[in-house]
Amino acid sequence: PGDVAREKLVARKLGVHGWKRWQYFRQHFSGRWGDEGQCPVSPRSQDSLLKALESLDFPSNAKPSLFLTDDGHYELAWRDGEGQAVQLEFGPTEFELFMEASGIEETHPNSLIGEVIAKHLPLK
(Lines give C-alpha, C1' and ligand atoms only; values in the text may rest on other atoms or scores of the structure.)
Protein backbone atom coordinates (compact mmCIF):
# COMPACT_ATOMS: atom_id res chain seq x y z
CA PRO A 1 0.00 0.00 0.00
CA GLY A 2 1.19 3.47 -0.84
CA ASP A 3 3.60 2.36 -3.56
CA VAL A 4 1.12 3.16 -6.32
CA ALA A 5 0.52 6.62 -4.85
CA ARG A 6 4.28 7.23 -4.63
CA GLU A 7 4.82 6.11 -8.20
CA LYS A 8 2.02 8.36 -9.44
CA LEU A 9 3.46 11.31 -7.48
CA VAL A 10 6.93 10.84 -8.98
CA ALA A 11 5.55 10.38 -12.50
CA ARG A 12 3.29 13.43 -12.19
CA LYS A 13 6.02 15.71 -10.83
CA LEU A 14 9.10 14.41 -12.69
CA GLY A 15 7.60 12.94 -15.85
CA VAL A 16 8.27 9.53 -17.35
CA HIS A 17 12.04 10.08 -17.56
CA GLY A 18 12.25 11.09 -13.88
CA TRP A 19 10.07 8.16 -12.85
CA LYS A 20 12.34 5.76 -14.77
CA ARG A 21 15.45 7.21 -13.11
CA TRP A 22 13.82 6.89 -9.66
CA GLN A 23 12.98 3.25 -10.38
CA TYR A 24 16.47 2.59 -11.72
CA PHE A 25 18.15 4.04 -8.62
CA ARG A 26 15.86 2.07 -6.32
CA GLN A 27 16.45 -1.23 -8.15
CA HIS A 28 20.16 -1.03 -8.95
CA PHE A 29 21.70 1.00 -6.13
CA SER A 30 20.39 -0.74 -3.02
CA GLY A 31 23.90 -1.94 -2.16
CA ARG A 32 27.38 -0.48 -2.46
CA TRP A 33 28.16 0.59 -6.00
CA GLY A 34 30.89 2.20 -8.09
CA ASP A 35 34.66 1.85 -7.92
CA GLU A 36 34.91 3.72 -4.64
CA GLY A 37 32.17 1.81 -2.80
CA GLN A 38 29.57 4.57 -2.98
CA CYS A 39 26.67 4.35 -0.53
CA PRO A 40 23.37 2.65 -1.34
CA VAL A 41 20.18 4.64 -1.76
CA SER A 42 19.09 6.05 1.60
CA PRO A 43 15.44 5.18 2.38
CA ARG A 44 15.22 8.34 4.50
CA SER A 45 16.50 10.41 1.58
CA GLN A 46 13.77 8.88 -0.57
CA ASP A 47 11.14 9.75 2.05
CA SER A 48 12.36 13.37 2.05
CA LEU A 49 12.33 13.51 -1.75
CA LEU A 50 8.74 12.29 -1.82
CA LYS A 51 7.71 14.80 0.84
CA ALA A 52 9.30 17.60 -1.21
CA LEU A 53 7.56 16.45 -4.38
CA GLU A 54 4.23 16.72 -2.57
CA SER A 55 4.95 20.43 -1.93
CA LEU A 56 6.71 21.40 -5.16
CA ASP A 57 4.95 22.84 -8.17
CA PHE A 58 7.44 23.28 -10.99
CA PRO A 59 7.04 26.07 -13.55
CA SER A 60 5.63 24.73 -16.82
CA ASN A 61 8.98 25.25 -18.61
CA ALA A 62 11.01 23.50 -15.86
CA LYS A 63 12.58 20.14 -16.58
CA PRO A 64 13.45 18.67 -13.19
CA SER A 65 16.21 16.07 -13.15
CA LEU A 66 16.81 13.42 -10.51
CA PHE A 67 20.31 12.35 -9.48
CA LEU A 68 21.86 10.01 -6.91
CA THR A 69 24.90 11.28 -5.00
CA ASP A 70 27.85 9.13 -3.94
CA ASP A 71 26.42 9.30 -0.41
CA GLY A 72 23.21 7.60 -1.55
CA HIS A 73 21.16 10.80 -1.38
CA TYR A 74 18.64 11.92 -3.95
CA GLU A 75 19.25 15.28 -5.58
CA LEU A 76 16.65 17.19 -7.53
CA ALA A 77 17.76 19.96 -9.92
CA TRP A 78 16.03 22.27 -12.40
CA ARG A 79 16.21 25.77 -13.86
CA ASP A 80 13.95 28.53 -12.57
CA GLY A 81 12.02 30.89 -14.83
CA GLU A 82 15.16 32.93 -15.49
CA GLY A 83 17.28 29.89 -16.32
CA GLN A 84 19.12 29.86 -12.98
CA ALA A 85 19.94 26.61 -11.17
CA VAL A 86 17.83 25.33 -8.27
CA GLN A 87 18.97 22.22 -6.39
CA LEU A 88 17.70 20.22 -3.46
CA GLU A 89 19.76 17.39 -1.95
CA PHE A 90 17.96 15.13 0.51
CA GLY A 91 20.06 13.57 3.25
CA PRO A 92 18.77 11.20 5.93
CA THR A 93 18.17 13.96 8.52
CA GLU A 94 18.53 17.25 6.64
CA PHE A 95 18.31 18.71 3.17
CA GLU A 96 20.30 21.32 1.30
CA LEU A 97 18.80 24.06 -0.84
CA PHE A 98 20.76 25.99 -3.48
CA MET A 99 19.23 28.78 -5.53
CA GLU A 100 21.64 30.40 -7.95
CA ALA A 101 19.52 33.51 -8.64
CA SER A 102 19.32 34.62 -5.01
CA GLY A 103 22.58 33.08 -3.78
CA ILE A 104 20.72 30.99 -1.21
CA GLU A 105 22.67 28.00 0.02
CA GLU A 106 21.07 26.59 3.17
CA THR A 107 20.75 23.38 5.15
CA HIS A 108 17.56 22.57 7.06
CA PRO A 109 16.19 19.61 9.01
CA ASN A 110 13.98 17.35 6.91
CA SER A 111 11.05 18.19 9.17
CA LEU A 112 10.99 21.70 7.60
CA ILE A 113 10.80 20.66 3.93
CA GLY A 114 7.26 21.93 3.39
CA GLU A 115 7.92 25.24 5.15
CA VAL A 116 11.18 25.95 3.31
CA ILE A 117 9.62 25.12 -0.06
CA ALA A 118 6.67 27.40 0.69
CA LYS A 119 9.05 30.22 1.65
CA HIS A 120 11.62 29.95 -1.13
CA LEU A 121 9.97 28.09 -3.98
CA PRO A 122 6.48 29.49 -4.50
CA LEU A 123 6.61 28.41 -8.12
CA LYS A 124 2.95 28.60 -9.06
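Residues numbered from 1 in each chain as written. Predicted model: local features only at pLDDT ≥ 70, side-chain atom pairs only at ≥ 80, totals over all residues. Heavy atoms only, no water.

Student: Go over the sheet that holds strand β3 (residues 85-90) with me, naming the residues and quoting the values.
Tutor: On the basis of which strands lie adjacent, the open sheet formed by five strands has the order β1-β2-β3-β4-β5 and antiparallel pairing. The open sheet terminates on both sides in strands that have one partner only, identified here as β1 (65-68) and β5 (104-109). Ignoring which end each strand starts from, the neighbouring axes of this sheet average 15° apart. Those strands touched by helix α1 (residues 3-28) are β1 and β2 (74-79), and its axis lies near 10° from that of β1. (Pairing = 2+ DSSP bridges. Helix = DSSP H or I, 4+ residues; strand = E, 2+ residues; numbered from the N terminus. Axes fitted to C-alpha atoms, helices over the stretch in contact; angles between N-to-C directions. Contact = heavy atoms within 4.5 Å.)

Student: Help me get a handle on the nonpolar core, residues and values and all.
Tutor: If you look at the biggest cluster of nonpolar residues, it comprises 30 residues, and the most contacted ones within it are Leu56, Leu76, Trp78, Phe90 and Leu121. Elements with a minimum of two residues in this core: α1, α2 (43-55), β1, β2, β3, β4 (94-99) and α3 (113-120). Looking at which element gives the most residues to this core, the answer is α1, with five residues. If we skip the residues at most four places from it in the chain, Leu56 touches Lys13, Leu76, Trp78, Leu88, Ile117 and Leu121. (Core = buried A, V, L, I, M, F, W, Y, C linked by side-chain atoms within 4.5 Å. Buried < 20%, exposed > 50% of the residue type's maximum accessible area, 1.4 Å probe, protein only.)

Student: Talk me through the pattern of salt bridges; I want residue IDs and the actual numbers.
Tutor: Under the defined criterion, the tally for this structure stands at three salt bridges. With a closest N to O distance of 3.0 Å, Arg6 and Asp47 form a salt bridge. Of this pair, Arg6 sits in helix α1 while Asp47 is found in helix α2, placing the two residues 41 residues apart along the sequence. One salt bridge in this structure joins Glu100 and Arg79, with 3.7 Å as the shortest N-O distance. (Salt bridge = Lys/Arg side-chain N within 4 Å of Asp/Glu carboxyl O.)

Student: Tell me what's going on with α1, and back it up with residues and numbers.
Tutor: Over its 26 residues, α1 runs only 18 Å from end to end, short of the ideal 38 Å by more than 12%, given 1.5 Å per residue. The largest bend along α1 reaches roughly 125° and is located at Gly15. Taken residue by residue, α1 has Leu9, Val10, Lys13, Leu14, Gly18, Trp22, Gln23 and Phe25 as its buried positions. The elements touched by buried residues of α1 are α2, β1 and β2. (Expected span 1.5 Å × (residues − 1). Bend = angle between axes of the 7 residues up to and from the residue.)

Student: Please set out the side chain of His73 residue by residue, giving values where relevant.
Tutor: Counting through the fold element by element, His73 comes out in the loop between β1 and β2. What makes His73 buried here is its relative accessible area of 14%. Among the polar contacts made by the side chain of His73, one reaches the side chain of Glu89 at a distance of 3.2 Å. (Polar contact = N/O pair within 3.5 Å; in protein donor to acceptor, adjacent residues only side chain to side chain.)

Student: Summarise the environment of Asn61; cite the residues concerned and give the values.
Tutor: Mapped onto the elements of the fold, Asn61 is located in the loop between α2 and β1. Owing to a relative accessible area of 49%, Asn61 belongs among the partly exposed residues under this scheme. For Asn61 and Arg79, which are 18 residues apart along the polypeptide, the C-alpha to C-alpha distance reads 8.7 Å.

Student: Give a description of the packing of aromatic side chains that names residues and reports values.
Tutor: Applying the stated criterion across every chain yields a total of three aromatic pairs. On the basis of an interplanar angle of 85° and a centroid distance of 4.8 Å, the ring pair of Phe58 and Trp78 is categorised as edge-to-face. With Phe58 in the loop between α2 and β1 and Trp78 in strand β2, the pair connects residues that are 20 residues apart, well separated along the chain. On the basis of relative accessible area, Phe58 is assigned to the buried category, the value being 16%. Assessed through its relative accessible area of 3%, Trp78 is described here as buried. An aromatic cluster is present here, built from Tyr24, Phe25 and Tyr74 joined pairwise through their rings. (Phe/Tyr/Trp six-rings, centres within 6.5 Å; stacked < 30°, edge-to-face > 60°.)

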